[in-house]
Amino acid sequence: MNWYVIYTKPKWEKKVAEKLNEIGIESYCPVITQIKQWSDRKKKVEVPLFNSYVFVQLLESERNSVFQVSGVVRYLFWLGKPAIVREEEINIIKKSLASPNLSDVSVTSIQVGDRITLETGAFSNQDAIVKEVSKTHYILVLESLGCVLKIKYK
């Protein structure tokens, strides 16, 4: 069985995961503990690691069953197909969140102006500046090589 990513209504992640588990669909909503500040107090609260995302493990033929739960919006798609997360990636998330050394975690997407290091491909280990991010491609500036790199997704 594959792990899929479903997109939920904002702030519904934990409720959706709980309801999915109640109807027999294995789901996982990774959460982290943060200290929230109000004007009169501080409080530790559990917040989802990924905003509006819940992971579900089910057969391809059972994919539509998640829509029985209110709060589920759609599946996350990658390259025109439902995004599949490998079991080892789910285990890495679980193991990382269980680590006692975990102090502050945040998830951000790549933004224009970010400096990144390419990890694979012909330009691996090259530093780049993100010039453009669109639905179909990234444009990166490789200053050390004096060139612009356009990376398309399929």
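Residues numbered from 1 in each chain as written. Predicted model: local features only at pLDDT ≥ 70, side-chain atom pairs only at ≥ 80, totals over all residues. Heavy atoms only, no water.

## What to know about the pattern of salt bridges
- A complete count under the given rule lists five salt bridges for this structure.
- Residue D40 pairs with R41 through a salt bridge whose shortest N-O separation is 3.1 Å.
- Since its relative accessible area comes to 60%, D40 is described here as exposed.
- When the shortest N-O distance is used, the salt bridge between E88 and R86 registers 3.0 Å.
- In this structure E88 comes out as partly exposed when scored by relative accessible area, which is 44%.
- When salt bridges that share partners are traced, they join R86, E88 and E89 into one network. (Salt bridge = Lys/Arg side-chain N within 4 Å of Asp/Glu carboxyl O. Buried < 20%, exposed > 50% of the residue type's maximum accessible area, 1.4 Å probe, protein only.)

## Here we look at the nonpolar core
- With 14 residues, the main nonpolar core has I6, L20, V54, V56, L58, V66 and Y75 as its most contacted residues.
- At the level of secondary structure, the elements contributing two or more residues to this core comprise β1 (2–8), α1 (13–22), β5 (53–58) and β6 (72–75).
- Every residue in contact with L20, bar those within four places of it in the chain, is listed here: I6, I25, S27, V54, V56, V66 and V69. (Core = buried A, V, L, I, M, F, W, Y, C linked by side-chain atoms within 4.5 Å. Helix = DSSP H or I, 4+ residues; strand = E, 2+ residues; numbered from the N terminus. Contact = heavy atoms within 4.5 Å.)

## A few points about the packing of aromatic side chains
- Scanning all chains against the criterion turns up five aromatic pairs.
- Summarising the aromatic geometry, the rings of Y4 and Y75 are spaced 5.9 Å apart at their centres and angled 80° between planes, so their arrangement reads as edge-to-face. Here Y75 lies in strand β6 and Y4 lies in strand β1, a separation of 71 residues in the sequence. We note that Y4, like Y75, is buried.
- On the basis of an interplanar angle of 90° and a centroid distance of 5.8 Å, the ring pair of F50 and F55 is categorised as edge-to-face.
- Relative accessible area serves as the criterion here: at 6%, F55 is assigned to the buried category.
- Following the ring pairs from residue to residue traces out a cluster consisting of Y4, F67 and Y75. (Phe/Tyr/Trp six-rings, centres within 6.5 Å; stacked < 30°, edge-to-face > 60°.)

## Notes on α1
- Buried within α1 we find E13, V16, A17 and L20. Projection of α1 onto a plane perpendicular to its axis shows the buried side chains occupying an angular sector of 100°, all on one side.
- Summarising the contacts, the buried residues of α1 are in contact with β1, β2 (26–28), β4 (42–48), β5 and β6. (Arc of directions from axis to C-beta.)

## Some remarks on the environment of V85
- Within the secondary structure layout, V85 lies in strand β9 (residues 84–85).
- The spacing of V85 and V133 is 48 residues in sequence and 23 Å in space, taken between C-alpha atoms.
- Apart from residues lying up to four places away in sequence, V85 is in contact with W3, V5, F55 and I90.

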